[in-house]
Amino acid sequence: MLEHSVLDDWRSPARMAAVAVAVALVAAACSSGAESASSEAESVEQIEAGQREATGSALVNMTAEGLPEPLVDPAEVMSGGPPPDGIPPIDNPKFLPATEVGFLEANEPVLSLEVEGETRAYPIQVMIWHEIVNDTYGDTPVTVTYCPLCNTGVAFDRRLGDRVLDFGTSGKLYQSALVMYDRQTESLWSHFTGEAFAGVLTGEILERLPVATVSWGDWLAANPEGLVLSRDTGETRPYGQNPYPGYDDIAEDPFAFRGDTDERLEAKQRVLGAGVNTDPTAVVADALLDTGTIAFDLDGRQVVAWALPGTASALEAFEVSDGRDVGATGVFETELDGRQLTFTRTETGFTDNETGSEWNVLGEATAGPLVGSKLTAVEHVDTFWFAWAAFAPDTRLITEVP
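In this report, we go over the structure that sits alongside the text.

Conventions and cut-offs
Residues numbered from 1 in each chain as written. Predicted model: local features only at pLDDT ≥ 70, side-chain atom pairs only at ≥ 80, totals over all residues. Heavy atoms only, no water. Core = buried A, V, L, I, M, F, W, Y, C linked by side-chain atoms within 4.5 Å. Buried < 20%, exposed > 50% of the residue type's maximum accessible area, 1.4 Å probe, protein only. Helix = DSSP H or I, 4+ residues; strand = E, 2+ residues; numbered from the N terminus. Contact = heavy atoms within 4.5 Å. Pairing = 2+ DSSP bridges. Phe/Tyr/Trp six-rings, centres within 6.5 Å; stacked < 30°, edge-to-face > 60°. Lys NZ or Arg CZ within 6 Å of the ring centre and 35° of its normal.

With that settled, consider the nonpolar core. Counting 93 residues, the largest nonpolar core has Leu113, Tyr122, Val144, Leu188, Trp189 and Trp388 as its most contacted members. In terms of residue count, the dominant contributor to this core is helix 5 (residues 385-391) (6 residues). In contact with Leu113, other than residues within four places in its own chain, are Glu118, Thr119, Arg120, Tyr122, Tyr137, Val142, Val144, Ala155, Leu209, Pro210 and Val211. One finds Leu104, Trp216, Trp306 and Leu341 within the second-largest nonpolar core, a separate group that totals 28 residues.

This next bit is on the pairing of strand 4 (residues 109-115). Among the 7 residues in strand 4, 6 count as buried, and that is most of the element. Sheet analysis places strand 4 next to strand 16 (residues 211-215), joined by 5 bridges and oriented antiparallel. Directly across from Ser112, in strand 16, lies its bridge partner Ala212. Strand direction decides the pairing type here: strand 4 and strand 5 (residues 118-123), joined by 6 bridges, are antiparallel. Bridging across to strand 5, Ser112 finds its partner in Ala121. Counting the residues between successive antiparallel strands, the hairpin from strand 4 to strand 5 contains 2 residues, one of them, Glu116, with a positive phi of roughly 55 degrees.

Turning our attention to the pairing of strand 22 (residues 328-333). With 5 of 6 residues buried, strand 22 lies mostly within the body of the structure. By the bridge criterion, 6 bridges tie strand 21 (residues 301-308) to strand 22 in an arrangement that is antiparallel. Counterpart to Val304 in the pairing with strand 22 is Phe332.

Okay, the side chain of Glu186 next. Turning to its location among the elements, Glu186 is positioned in the loop between strand 12 (177-182) and strand 13 (188-190). Setting aside residues no more than four positions away along its own chain, Glu186 makes contact with Arg52, Ser57, Ala58, Leu59 and Tyr181.

Within the structure shown, the criterion is met by 14 aromatic pairs. Plain terms: the ring middles of Trp216 and Trp219 are 5.8 Å apart, the flat faces sit at 15 degrees to each other, and that makes the pair stacked. Here Trp216 pairs with Trp219, and both are found in helix 3 (residues 216-222), just 3 residues apart, close to one helical turn. Of the residues examined, Trp216 reaches a relative accessible area of 4% and is grouped as buried. Exposure remark for Trp219: the relative accessible area of 0% places this residue in the buried category. An angle of 85 degrees between the planes, with centres 5.3 Å apart, marks the rings of Trp306 and Phe343 as edge-to-face. Of this pair, Trp306 sits in strand 21 while Phe343 sits in strand 25 (residues 343-345); the two residues are 37 residues apart in sequence, bridging distant segments of the chain. Summarising the burial analysis for this pair, Trp306 and Phe343 share the class buried. Three or more aromatic residues link up through ring pairs in this structure, and these residues are Tyr174, Phe192, Phe197, Trp388 and Phe391. Over the ring of Tyr247 we find Lys268; its NZ or CZ atom is 3.7 Å from the centre of that ring.

Attention now goes to the side chain of Thr311. Following the sequence through the fold, Thr311 ends up in the loop between strand 21 and strand 22. With sequence-adjacent residues up to four places away left out, Thr311 is seen in contact with Asn107, Pro109, Val214, Ser215, Arg324, Asp325, Val326, Gly327 and Ala328.

Right under this line is the structure:
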């Protein structure tokens with residue numbers, strides 16, 4: 001069966017036919033074992049998370065005696081269909097060297113995360129079936145998340161004071177976005193903001209880590225020696241196929257969204273959002289993709305947002321790689337070694353106007369006087385407008401890019 005009940009609300013014959021085909025694809029994959037995972041995939045050393053603490057469980061009851069008052073109305077936290085961990089998170093991720101990956105098309109989206117000088121890729125074709133990966137980079141335990149219903153990839157440092165947390169899927173949704181729970185206290189967390197909104201950890205906020213959604217081809221070119229999350233997950237899923245075909249349709253209403261829609265844009269128009277907890281700013285993705293770059297002030301810093309064509313939408317077609325080109329984005333500080341840089345998009349990437357150096361979508365100089373330099377990445381998300389506006393209602397909206 002489908003991992004979410006997201007398609008159940010679609011009533012048109014075309015949508016119901018799409019559901020039938022998707023179910024058939026999943027059933028066929030499950031009966032055949034799907035595509036076998038590479039036997040060469042290997043685990044990396046993981047930092048062990050803490051044990052279950054003697055606390056009340058917001059996962060069971062958000063308003064249980066002894067728990068703080070939730071930060072959101074419990075009535076607005078809805079079941080997404082599956083039980084806790086019914087969408088199974090990946091707790092022992094296995095990776096392949098980038099040059100040995102043969103299951104990704106060049107235009108397929110991957111989440112790119114760099115921690116402690118190491119960059120790994122998490123293919124959306126895997127993340128869409130699991131939503132959470134608990135991973136470790138050296139001394140840094142992280143959680144990498146992807147919510148298909150709000151089309152958002154976010155990563156967090158999963159340390160909180162002396163605690164090392166790990167996260168599962170609660171089976172609940174808030175504002176049509178993934179609700180995580182930590183296994184140590186069973187508090188509930190917003191994947192979108194990284195804040196615990198129910199349970200003993202209510203009000204705590206995880207540190208967000210800059211993550212970018214880019215094409216596999218661009219990521220591979222930049223990280224030929226990097227590691228890539230494999231399909232060896234311990235679960236049988238039709239990786240490469242999208243269980244939400246057509247969900248990217250701007251004319252369709254978002255699933256399980258009960259808030260007021262900010263009418264400045266269509267609910268499911270794509271935006272780039274930055275500064276969600278400090279200086280919320282959204283840029284209309286189509287405008288940015290048309291123009292290439294925009295510079296603006298964000299929380300006292302000069303930053304540049306840019307977009308490069310060549311990355312497929314994971315949520316449009318049955319095959320992830322068949323999705324239309326929605327491009328890839330990045331947000332970076334424009335100051336480098338005391339110099340302010342300005343940027344222009346080229347056919348293959350970007351160039352700074354001060355030195356003529358060439359830059360890839362991940363903010364790395366690949367040629368010219370600054371070759372080898374890296375811009376400081378700014379945490380941002382590619383998401384749907386309804387979700388960004390719900391979690392950052394006072395956002396500044398940039399609809400036209402000069």
